[in-house]
Amino acid sequence: MRNESWRNGVALLTALFILAPVGLIVWQSFLTDAFFSPRAGVTGATYGFVLDDPGFWDALRNTVVLSVGMVVIAVPLGSLLAFLMVRTDLPGRKWIEPAIFLPLFMSPMVLAFGYIVSIGPSGFWSVWWERLFGAPFWNVYSMPMLILVVGLSHVTHVYIYVSTALRTVPSDLEEAARVAGGSPLTVATKITLPLVWPSIAVSAVLVAFLGFELFGLPYVLGDQDGRMVLATYLYKFNTLLGRPAYQLMAVVVIFIMLITLPLVMLQRRMLRTAQRYSTIGGKATRAHLVPLGRWRWIAFAAVLLWLYAVVLLPLSGVMLRSVVTTWGPLVAVRDVLTWDNYAKLAEMPLIRRSIVNTVILAFVGGFASLCVYALIGLASHRSPLKTTRGLDFLVLLPRAMPGIVAGLVVFWIFLFVPVLKPFVASLAAMWVAYTLVWLPFGLRLVSTSFGQVGRELEEAAHVTGAGALRVARDVTLPLSRHGLMAAWLLAFLLYSREYSTGIFLMGQGNEVMGTMLVSLWNGGNIDVASSLAVVNTLVIGGGIALALRLGVRLDA
Amino acid sequence: MPELIVENIHLKYGTAEVLGGASFSVEKGKIAALLGPSGSGKTTLLRTIAGLERACEGRIRVSGQEVLNCSAGLDLPAEKRGLGFVFQSYALWPNRTVFDNVAYGLRLRKVAETEIRRKVGAVCEVLGLGHLQQRFPAQLSGGQQQRVAIARSLAYDPAVLLLDEPLSNLDAKLRDEARAFLKELITREERAAVIVTHDQIEALAIADTIILLNGGVIAQEGSPEDLYNRPKTLFTADFIGNNVRISGKVVTAGDGFATLDCDGLRVTGRMGQPKTVGEDGTAVCRMDRLTLAAPGEPDAVEMHRATSMFLGEKWEHVYRLGGHSLRVLTDGPVAQETSPIRIPRESVWVF
């Protein structure tokens, strides 16, 4: 008889891996105390407590405003950027293209630091501005500034979806409209825009969803005025009442997921529709570019300005801050230049360890996660079973989980399961949380790679006498190795950048750069934080350079 | 006992029935061709035999051993059936050399390396691939790739060889050579082979038995001559050969022959099923048997020539009568505007 129980086994383990944390959250939300406490009883009152807290409503309102603001800024700009890059003769498209992806891999913590040391009250650019023009008109800690920053840093997400859709629109559709008498602008709005509309809508839902996940930027830029979003509100409960209020945190998590899960499901549905839409034009014709005329250089300058705002401005800030001892209105840069901050990185064992840990977690852990994803991917690859197809739907749950939440529940799972408890503050726990957070993304990458292996190549091995595992080892894996390597590299980049997932899991010995940045910020240690931010960016930059070198697509 | 016995295979995709009870068997050294229009289920049937599709009913025996018995809950996976399969795309693993492609089945069977070397060498020699063993599939021509695919499926000595449209990816000239080669090879190597094809010429040429499929069921099974000369259904008569179909009313019937009146065009042919006078009927005429009739010849109809075309070897003329047109081949040009056209009754079937 056919043995497909291994597929069911893998599917079951994956389901457990996904459902156990979710189950634990739900259970915890109905308890009066932490789930491991002997005093914990069952209650529904916690929900009432959270709903009665004006702080919760403030956080929810802020999150919604932030999320809507992001959509309003990122969607039009991202769509416009996609149109400029794909359909017009914008100068320098070749080297702008990889630069567009940089914001995807910039750590939000680094960005947040960068804005504060660049355009904060006594930031470099603020001080220079003041010398030239007088007091700056902006306040980096204000809500509009926060919205602007998160909006601009998510333009790339929209760009990816819309540019992909634009590339599938055959240019003869546009040419037909041009021949019929339409001006370039009319054609763009009346012909091209309607065709990519579904993709724009998908990206809008994605950006709205990402708005609910935001942690680093609102934490750093909004915290000073006590302006919280749901994720930072959740984080506050860890320390607010003297000791972690797990039941309250569980309830907040449930509320967050009640919003994010429908958004994720909506996005998935819309994405399917959009893909159906985009397959109209199958013929790959050479796109004829719309000439921008004198708008060429204006558009070019606008793109550069955007790149400056989301990459160069914050990066230049942390880089400069990392090589000075102090900074303020009356300080001249050349008087305070120093390499001491980098020396301190090496001297402080905690920081040194966090760098080593990050590299281990990103490189080795990234590979280990890839192996997990590949195993799950193989189990559902060309599987006739309903169980493995159910996984496709189940991975929406971790997708809807912000990193900080996934870290929290993995922390709880490690506390909950006796054999895991000794490892609660280990790199292993960190790895489990990272693997859970990136499960949907990783699974999509490996499934795509496996899907590109010709079906008959696998069947040929089957009839020749190879069992399922042998086929995977001899045919599927070797033939998809380029895709898998790319996935490993992307995992490396994402794991190096990750900061929010590890917040609750951080203990003695498993510090990573991202969480270290958060705690350095908490401690007000800006010098060291800046130099660590530069190191973090260098690690990621190295990964990106390697990816570009190897031809790995960064917009996967 | 036949090497391969297929009994009453049923297969469904969801609720749609793809195979509705196909049965046939193949002896050692013989070739059976699964022939049919696209969507008739021929490839699905072949894949079911290989274990790549799952039947919901039926039995399959290979060399006397049961590999599928749905009522007993037996369904061996493809890797346990020990069959050879040649894919339409050849499915050569691009990351392995010809040698490694061919040796794979032997390696899976844990054959000693020296024995593998000997066997692969022998198979490659037979298929004329001796000098190409260290090449990668991408470095081979289409014909060579096809032979590697066959070598790979023969290397581990399967009793039954399944071939899915093995010749369709070759260009016309190579295809004729490969067809003869394949037939000779299978007879000499004494395998039982099942070959899927949509090309009736190929099936007629290569097969010992043709299994003609229509809509997931067997329309007719028999030797190529049987199918060509004794079609039992309208579908078979029409599918095999290059035909013209004419519909009309039966005017006379008896003695195994019936005559149809199709708006003035009278056609006489063998009855494929009993017909009575006054019934509607359809005549299937083999186009290549139509000739210009000599005076006094039977089965001739006077028709009007609409146009003529020079094809190089032959001339093709279109003759019309009423709403019907027939294409007639001749060796030379024809001057007359009207001619008697002979529609020989031995080459016409009435259903």
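Predicted model only: the values in this text are computed from it and were never measured.

Rules used throughout
- Residues numbered from 1 in each chain as written.
- Chains lettered and ligands numbered in written order.
- Predicted model: local features only at pLDDT ≥ 70, side-chain atom pairs only at ≥ 80, totals over all residues.
- Heavy atoms only, no water.
- Helix = DSSP H or I, 4+ residues; strand = E, 2+ residues; numbered from the N terminus.
- Contact = heavy atoms within 4.5 Å.
- Lys, Arg positive; Asp, Glu negative; His and termini not counted.
- Charge placed at Lys NZ, Arg CZ, Asp CG, Glu CD.
- Buried area = accessible area lost by both parts, 1.4 Å probe.
- Salt bridge = Lys/Arg side-chain N within 4 Å of Asp/Glu carboxyl O.
- Domains from an automatic or database assignment.
- Polar contact = N/O pair within 3.5 Å; in protein donor to acceptor, adjacent residues only side chain to side chain.
- Pairing = 2+ DSSP bridges.
- Axes fitted to C-alpha atoms, helices over the stretch in contact; angles between N-to-C directions.
- Buried < 20%, exposed > 50% of the residue type's maximum accessible area, 1.4 Å probe, protein only.
- UniProt positions renumbered as here; feature names shortened; annotations may be inferred.
- Phe/Tyr/Trp six-rings, centres within 6.5 Å; stacked < 30°, edge-to-face > 60°.
- Core = buried A, V, L, I, M, F, W, Y, C linked by side-chain atoms within 4.5 Å.
- Parallel < 35°, antiparallel > 145°, perpendicular 65-115°, else oblique.
- Left-handed = near helix turned anticlockwise from the far one by under 90°.
- Nonpolar A, V, L, I, M, F, W, Y, C, P; charged D, E, K, R; others polar.
- Expected span 1.5 Å × (residues − 1).

### Section: the overall build of chain B
- A tally of regular secondary structure across chain B gives eight helices and 21 strands.
- Principal-axis analysis of the C-alpha atoms gives chain B an extent of 75 × 50 × 35 Å.
- In chain B, the proportion of contacts linking residues at least 24 apart, taken out of those at least 6 apart, comes to 63%.
- Looking at chain B, you have 41 positive and 43 negative side-chain charges, and the mean spots of the two groups are 5 Å apart.

### Here we look at the interface of chain A and chain B
- On the side of chain B, 31 residues touch chain A, which itself brings 21 residues to the contact.
- The junction of chain A with chain B conceals about 2200 Å² of combined surface from both sides, 55% of it contributed by carbon and sulfur atoms.
- For the pair chain A and chain B, the interface holds one salt bridge.
- Across the pair Arg47(B) and Glu459(A) runs a salt bridge, and its minimum N-O distance is 2.6 Å.

### Side note on the domain arrangement of chain A
Residue and element names in this part refer to chain A.
- Splitting chain A by domain gives domain 1 (1-13 + 339-556) and domain 2 (44-275 + 297-326).
- For domain 1 and domain 2, the distance between their C-alpha centroids amounts to 24 Å.
- Taken together, the contacts link 45 residues of domain 1 with 48 residues of domain 2.
- Across the domain 1/domain 2 interface, buried area totals approximately 4100 Å², and carbon plus sulfur atoms make up 74% of it.
- Linking domain 1 to domain 2 there are three salt bridges.
- A salt bridge links Arg268 to Asp392, with the shortest nitrogen-to-oxygen separation between them at 3.4 Å.
- One can count 10 residue pairs in polar contact (both at pLDDT 80 or more) joining domain 1 with domain 2.

### Looking at the sheet that holds strand 3 (residues 31-35) of chain B
Residues and elements named next belong to chain B.
- Pairing is mixed across the open sheet formed by six strands, whose spatial order is 7-8-9-3-10-11. Taken across any chain shown, the strands that pair with only one partner, and hence form the sheet edges, are strand 7 (84-86) and strand 11 (217-222). Pairwise comparison of adjacent strand axes, ignoring direction, gives a mean angle of 15 degrees for this sheet.
- In this sheet, strand 8 (residues 160-164) lies alongside strand 7 in parallel orientation, the contact comprising three bridges. The residue of strand 8 that forms the bridge with Phe85 is Leu162.
- Contacts from helix 4 (residues 142-154) reach strand 7 and strand 8 within the one sheet, and its direction differs from that of strand 7 by about 170 degrees.

### Points about the pattern of salt bridges
- All chains considered together, the criterion is met by 36 salt bridges over all chains.
- The partner of Arg321(A) in a salt bridge is Asp527(A), with the nearest N and O atoms 2.8 Å apart. Of the two residues, Arg321(A) is situated in helix 15 (residues 295-321) and Asp527(A) in helix 28 (residues 526-550); the sequence distance between them amounts to 206 residues. The two residues Arg321(A) and Asp527(A) agree in class, both being buried.
- The closest approach of N and O atoms between Arg191(B) and Glu189(B), which form a salt bridge, is 3.0 Å.
- In this structure Arg191(B) comes out as buried when scored by relative accessible area, which is 7%.
- Its relative accessible area of 28% is what places Glu189(B) among the partly exposed residues.
- Each of Arg455(A), Glu459(A), Arg47(B) and Glu53(B) takes part in salt bridges that share partners, so that together they form one network.

### A few points about the UniProt feature "domain: ABC transporter" (unreviewed entry) in chain B
- Per the UniProt entry, the sites bearing "domain: ABC transporter" (unreviewed entry) are residues 4-240 of chain B in this numbering.
- Along residues 4-240 of chain B the backbone is 35% helical and 27% strand, and the end-to-end C-alpha distance reaches 25 Å.

### Here we look at the environment of Trp431(A)
Residues and elements named next belong to chain A.
- Relative to the assigned elements, Trp431 resides in helix 22 (residues 427-437).
- Owing to a relative accessible area of 23%, Trp431 belongs among the partly exposed residues under this scheme.
- Residue contacts for Trp431: discarding those within four places in its chain leaves Leu361, Gly365, Ala368, Ser369 and Val372.
- Separated by 2.9 Å, the side chains of Trp431 and Ser369 make a polar contact.

### Observations regarding the packing of aromatic side chains
Residues and elements named next belong to chain A.
- By the definition in use, this model includes 38 aromatic pairs over all chains.
- Ring plane angle 45 degrees and centroid distance 5.7 Å describe the contact between Phe113 and Trp521, whose orientation is recorded as tilted. Of the two residues, Phe113 sits in helix 6 (residues 108-119) while Trp521 sits in helix 27 (residues 513-522), which places them 408 residues apart along the sequence. The exposure classification of Phe113 matches that of Trp521, with both residues buried.
- Between Trp438 and Phe441 the ring centres are 5.9 Å apart and the planes differ by 75 degrees, which places this aromatic pair in the edge-to-face class.
- By relative accessible area, Trp438 is classed as buried at 17%.
- Among the aromatic side chains, those forming a connected cluster through ring pairs are Phe30, Tyr47, Phe56, Trp57, Tyr233, Phe237 and Phe255.

### Topic: the domain arrangement of chain B
Residues and elements named next belong to chain B.
- As assigned here, chain B comprises domain 1 (2-234) and domain 2 (242-350).
- The partner domain 2 presents eight residues to the six residues of domain 1 that form the contact.
- For the pairing of domain 1 and domain 2, the buried interface totals around 600 Å² over both sides, and the portion due to carbon and sulfur atoms is 48%.
- Seen at the junction of domain 1 and domain 2, the total is zero salt bridges.
- Viewed at the interface, domain 2 and domain 1 are joined by one residue pair in polar contact (both at pLDDT 80 or more).
- Take the side of domain 1 that touches domain 2: its biggest share by element is three residues, from helix 7 (residues 224-229).

### As for the sheet that holds strand 5 (residues 65-69) of chain B
Residue and element names in this part refer to chain B.
- Reading across the sheet, the five strands line up as 2-1-4-5-6 and stay open at both edges, with antiparallel pairing between neighbours. Each edge of the open sheet is held by one strand with a lone partner, namely strand 2 (16-26) and strand 6 (74-75).
- The strands touched by helix 1 (residues 42-50) are strand 1 (4-13), strand 2 and strand 4 (57-62); relative to strand 1, the strand with the most contacts, the crossing angle is about 115 degrees.

### Some details on the pairing of strand 12 (residues 243-254) of chain B
All names here are of chain B.
- The pairing of strand 12 with strand 15 (residues 280-286) spans seven bridges and is antiparallel. The residue of strand 15 that forms the bridge with Arg245 is Val284.
- Two strands pair when backbone bridges link them, and strand 12 and strand 13 (residues 257-262) are joined in this way by five bridges, in the antiparallel orientation. Bridge pairing links Val250 to Leu260 in strand 13.
- Hairpin connection of strand 12 to strand 13: two residues between the antiparallel strands, including Asp255 at a positive phi of 65 degrees.

### Thoughts on the UniProt feature "domain: ABC transmembrane type-1" (unreviewed entry) in chain A
- UniProt marks residues 60-267 and 355-547 of chain A with the feature "domain: ABC transmembrane type-1" (unreviewed entry), using the numbering shown here.
- Its end C-alpha atoms 21 Å apart, residues 355-547 of chain A is made of 77% helix and 0% strand.

### Brief notes about the nonpolar core
All names here are of chain A.
- Within the largest apolar cluster, 194 residues are counted, with the highest numbers of intra-cluster contacts made by Leu90, Phe105, Ile404, Trp412 and Leu532.
- In terms of residue count, the dominant contributor to this core is helix 14 (residues 246-278) (15 residues).
- Residues lining this core come from more than one domain, with at least three contributed by each of domain 1 (1-13 + 339-556) and domain 2 (44-275 + 297-326).
- In contact with Trp412, other than residues within four places in its own chain, are Leu24, Ile25, Gln28, Phe35, Tyr246, Met249 and Ala250.

### Details of the packing of helix 21 (residues 403-416) of chain A against helix 22 of chain A
All names here are of chain A.
- At a closest axis distance of 9 Å, the pairing of helix 21 and helix 22 adopts a crossing angle of 135 degrees. By the criterion of interaxial angle, the relationship of helix 21 to helix 22 is oblique. With respect to the hand of their crossing, helix 21 and helix 22 are arranged in right-handed fashion. In this structure, helix 21 contributes Gly403, Ala406, Gly407, Val410 and Phe414 to the contact, and helix 22 contributes Ala429, Val432, Ala433, Leu436 and Val437.
- Residue composition of the contact of helix 21 with helix 22, grouped by class: eight nonpolar, two polar and no charged.

### Regarding helix 21 of chain A
- Over its 14 residues, helix 21 of chain A extends 20 Å from the first C-alpha to the last, a length consistent with the 20 Å expected when each residue adds 1.5 Å.
- Summarising burial for helix 21 of chain A: 13 of the 14 residues are buried, a large majority.

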